Amino acid sequence: MEKKKKSGFIIACTAPAIILFIIFMIIPTIDVFRMSMYKWGGYTAEKTFVGFENFKKLSSNPKFYQAFQNSILLIVVVTLVTFCLSLVFASILSREKIKGQNFFRIVFYIPNILSVVVISAIFSAIYDPNQGLLNSFLSLFRGDKEPILWLGSPKLVIYSVAIAMVWQAVGYYMVMYMASMANVPESLYESASLEGAGRVSQFFSITLPLVWTNIRTTLTFFIISTINMSFLMVKAMTSGGPDGASNVFLSYMYQEAYTNSSYGYGMAIGVTVFIFSFALAGILNAVTKRDEIEF
Amino acid sequence: MKRGANSNIVKAFIYLALALLAITILIPVAWVFVASIKENQEFYRSPWTVPQGFHYQNFIDAWQTANMGEYMLKSVLVTALALFLLVVIALPASYVLARFKFKTKAFWNALFMGGLFINVNYIVVPIFLMLNNGDMFLRKTFGKPFFLNNLFILALVYASTALPFTIYLLSGYFKSLARDYEEAAYVDGASYSYTMLRVMIPMAKPSVVTVVLFNFLAFWNEYIISMTLLTKQELKTLPVGLMNLMAAQKSAVQYGQLYAGLVIVMLPTLILYMCVQKKLTQGMTMGGLKG
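Keep in mind the model is a prediction, meaning the values are calculated, not measured.

Participant: I'd love a proper account of the overall build of chain B, names of residues and values included.
Facilitator: The number of helices and strands found in chain B is 12 helices and zero strands. When the elements of chain B are put in sequence order from the N terminus, they spell out α-α-α-α-α-α-α-α-α-α-α-α. Taken over C-alpha atoms, the radius of gyration comes to 25 Å for chain B, far larger than the 19 Å a tight globule of 291 residues would show. By residue count, 52% of the 291 residues in chain B fall in the buried class. Long-range pairs, those at least 24 residues apart, make up 71% of the contacts in chain B between residues at least 6 apart in sequence. Summed over its atoms, the accessible surface of chain B is roughly 13800 Å², and 67% of this surface lies on carbon and sulfur atoms. The distance from the centre of the 23 positive side-chain charges to the centre of the 11 negative ones in chain B is 9 Å.

Shown next as structure tokens:
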């Protein structure tokens, strides 16, 4: 009797969560992999199994390579810049005696609570060729030359997106690093100071090694979130334009799978990106492995 | 003496760097607020000019003509409903998954953990297709679609996709509580559900607050799922409505309206942030983070 009651309680509590999780996450995920093997377009129910045909098509499509190139560029540039900036600012705010320390922490985190659509609108206003904040500021130095088309030039657009992404992410990672720097014992810095180590050497010989585990975790996050964030930004700011020049992995997938209704092909992109991001995270994880330091 | 001068210069550089970053974040946000009260012709001058007056008509236009009022209502509804569903569904599940022993426990825990790696951006199209198929079936048999363009379904999808992270966070908290509480309750003859509802869940209040805060921001700001699942013009959430305004702005220039719309979207999150910023940044580091 008691046993029955217990298992009834367990089922009642977990069933809703499990059912919803399976319907809206597990099944769609399986669908992504399954559908990547089918040729399926439009609203017809007709699906034909084509094996790896979609992937073959993908590997010979210059549009995919464009998106691939842009994604890699964003992953490298955004990760490096955000990583350096957030690490430096985190160590400044947690090591130095700064007036208004709280104020800076609060301000730096603001971009993180804004919707990506809001950030995109703000940056569209900044990048506007004629009435934009950036061009009108730059005209102080370069006079009335041709306005720079930050979002309109195929060469520049991806860097413009990168700047917006760094702007969005710095505060977030800074807060992460600050939290793990708070765990580094003060006595280490004191003895280093006594031996005459300056700020910079303290940073490299104490702070960096001791927050290394945290840094490794964030590297994985950097890859995954850059892939996702770049999609959200590009979709709202440029929709991949001009002429696909700012397309990234998932915006290309969304464009093919939703806008053009070639579901099978779109899902093949999804599978490729999924596997790629995990492989990249795995490699980075292996490369950055150090012996953990106890303190 | 020389050392002191040196460190003063370093200090000055540090303040300069901090101020620069603060300015690059604050100026664009503040500029939007200023621009939202400018008149339309003012936008053809330098963007740095001060507004000539308080042109609040922009907000009225955004609220009524651009439908932001309507969209706001939809956003409030969807966000509140999704948060309610999430808490009601995730709390008991997290509690049981953390505190009870049963055969399939390890399997479900692993599955939910795996869910942390599934990002909605990958599965939004399959979700759309699934709901669309359901609608086609319903239209054939009952003559009425149900799943797409339905705020309740949207809220349900929001709640479901937030489950893995929420369960991870909440069950982590439940695991940290001592067994004594439950044992004492059982000795007093309390049932399983009474113990859960009256003893254990009240103790999890701080984590529930964190969960609600994070997911409020996530649901309020989300636009990809909402854009995909709500295809009707009159059924839109705020961020999607804002995207429409952005697109419309390219043809008929209505800058004032656009920036007023921006203020309407970000003001609730900014106010919330100002009130709870400490809790939010602490919560972020407590629960790891969400990609």
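Here the narrative resumes, following the displayed structure.
Participant: An account of the overall build of chain A is needed here, citing residue identities and associated values.
Facilitator: When its secondary structure is counted, chain A shows 12 helices and two strands. Along chain A, helices (α) and strands (β) appear in the sequence α-β-β-α-α-α-α-α-α-α-α-α-α-α when read from the amino end. Taking 19 Å as the expected radius of gyration for a compact globule of 295 residues, we find that chain A reaches 24 Å, considerably beyond that expectation. For chain A, the spread of C-alpha atoms along the principal axes amounts to about 80 × 75 × 35 Å. By the burial criterion, 53% of the 295 residues in chain A qualify as buried. Accessible surface, chain A as shown: approximately 13700 Å² in total, 65% of it carbon and sulfur. A distance of 6 Å separates the average location of the 22 positive side-chain charges in chain A from that of its 16 negative side-chain charges.

Participant: Break down a nonpolar patch on the surface for me, citing the residues and quoting the values.
Facilitator: Side chains of Phe137(A), Leu140(A), Phe141(A), Ile23(B), Ile27(B) and Trp48(B) sit close together on the surface and give an oily, nonpolar patch of about 670 Å² of accessible area. Listing elements by their share of the nonpolar patch, those giving two or more residues are α6 (133-142) of chain A together with α1 (2-35) of chain B. Along the chain, Leu140(A) falls in helix α6. Exposure remark for Leu140(A): the relative accessible area of 65% places this residue in the exposed category.

Participant: Break down the pattern of salt bridges for me, citing the residues and quoting the values.
Facilitator: In total, this model carries seven salt bridges over all chains according to the counting rule given. Ionic pairing is found between Arg34(A) and Asp31(A), a salt bridge with its closest N-O pair at 2.7 Å. Here Asp31(A) and Arg34(A) lie together in helix α1 (residues 2-35), a separation of three residues that amounts to about one turn. Of the residues examined, Arg34(A) reaches a relative accessible area of 37% and is grouped as partly exposed. Between Lys11(B) and Glu96(A) there is a salt bridge; the shortest N-O distance is 4.0 Å. Here Lys11(B) is found in helix α1, whereas its partner Glu96(A) is found in the loop between α3 (62-95) and α4 (101-109) on a different chain. Residues joined in a network through salt bridges with shared partners are Glu96(A), Arg199(A) and Lys11(B).

Participant: Outline the packing of aromatic side chains, supporting the account with residue identities and numerical values.
Facilitator: One pass over the full model with this rule turns up 42 aromatic pairs over all chains. Put simply, the rings of Phe9(A), Tyr95(B), Phe100(B), Phe174(B), Tyr186(B) and Tyr192(B) touch in pairs and so form one group of aromatic residues.

Participant: Give me unusual backbone geometry: which residues, what numbers.
Facilitator: Residues and elements named next belong to chain A. Phi angles above zero are rare outside glycine, and Ser239 is one such case at about 45°. Following the sequence through the fold, Ser239 ends up in the loop between α10 (212-237) and α11 (249-259). Ser239 sits in the exposed class, given a relative accessible area of 54%. The phi dihedral of Ser261 is positive, around 55°, even though this residue is not glycine.

Participant: Outline the interface of chain B and chain A, supporting the account with residue identities and numerical values.
Facilitator: With 88 residues of chain B at the interface, the matching set in chain A holds 86 residues. Buried surface at the junction of chain B and chain A, summed over both partners, amounts to about 8200 Å²; 78% is from carbon and sulfur atoms. Across the contact surface, chain B and chain A share one salt bridge. Remark: the boundary between chain B and chain A carries 11 residue pairs in polar contact (both at pLDDT 80 or more). Broken down by element, the side of chain B that touches chain A gets its largest block of residues, 16 residues, from α1(B). In terms of residue class, the side of chain B that touches chain A is built from 67 nonpolar, 16 polar and five charged.

Participant: Before we move on, could you go through the nonpolar core and cite the residues and values that matter?
Facilitator: Ranked by internal contacts, the top residues of the largest apolar core, which has 195 residues, are Phe108(A), Met68(B), Tyr223(B) and Tyr259(B). Among the elements that line this core, the one with the most residues is helix α7 (residues 157-181) of chain A, at 17 residues. With sequence-adjacent residues up to four places away left out, Phe108(A) is seen in contact with Phe89(A), Leu93(A), Gly171(A), Met174(A), Leu18(B), Leu21(B), Ala22(B) and Ile25(B).

Participant: Account for the environment of Ser136(A), naming residues and giving values.
Facilitator: Residue position: Ser136(A) is located in helix α6. Residue Ser136(A) is classed as buried on the basis of its relative accessible area, which comes to 15%. What Ser136(A) contacts, discounting residues up to four positions off in sequence, is Pro47(B) and Trp48(B). In terms of polar contacts, Ser136(A) uses its side chain to reach the backbone carbonyl oxygen of Leu133(A), at 3.3 Å.

Participant: Go over the side chain of Thr238(A) with me, naming the residues and quoting the values.
Facilitator: Within the element layout of this structure, Thr238(A) appears in the loop between α10 and α11. Each residue touching Thr238(A), except ones within four places of it in the same chain, is listed here: Leu151(A), Val157(A), Met233(A) and Ser246(A).

About the criteria used
Residues numbered from 1 in each chain as written. Chains lettered and ligands numbered in written order. Predicted model: local features only at pLDDT ≥ 70, side-chain atom pairs only at ≥ 80, totals over all residues. Heavy atoms only, no water. Helix = DSSP H or I, 4+ residues; strand = E, 2+ residues; numbered from the N terminus. Rg over C-alpha atoms; globule rule 2.2 N^0.38 Å. Buried < 20%, exposed > 50% of the residue type's maximum accessible area, 1.4 Å probe, protein only. Contact = heavy atoms within 4.5 Å. Areas by Shrake-Rupley, 256 points an atom, 1.4 Å probe, with all protein chains shown as cover. Lys, Arg positive; Asp, Glu negative; His and termini not counted. Charge placed at Lys NZ, Arg CZ, Asp CG, Glu CD. Patch = residues over 30% accessible without salt bridge, like charges linked within 9 Å, V, L, I, M, F, W, Y side chains within 5 Å. Salt bridge = Lys/Arg side-chain N within 4 Å of Asp/Glu carboxyl O. Phe/Tyr/Trp six-rings, centres within 6.5 Å; stacked < 30°, edge-to-face > 60°. Buried area = accessible area lost by both parts, 1.4 Å probe. Polar contact = N/O pair within 3.5 Å; in protein donor to acceptor, adjacent residues only side chain to side chain. Nonpolar A, V, L, I, M, F, W, Y, C, P; charged D, E, K, R; others polar. Core = buried A, V, L, I, M, F, W, Y, C linked by side-chain atoms within 4.5 Å.

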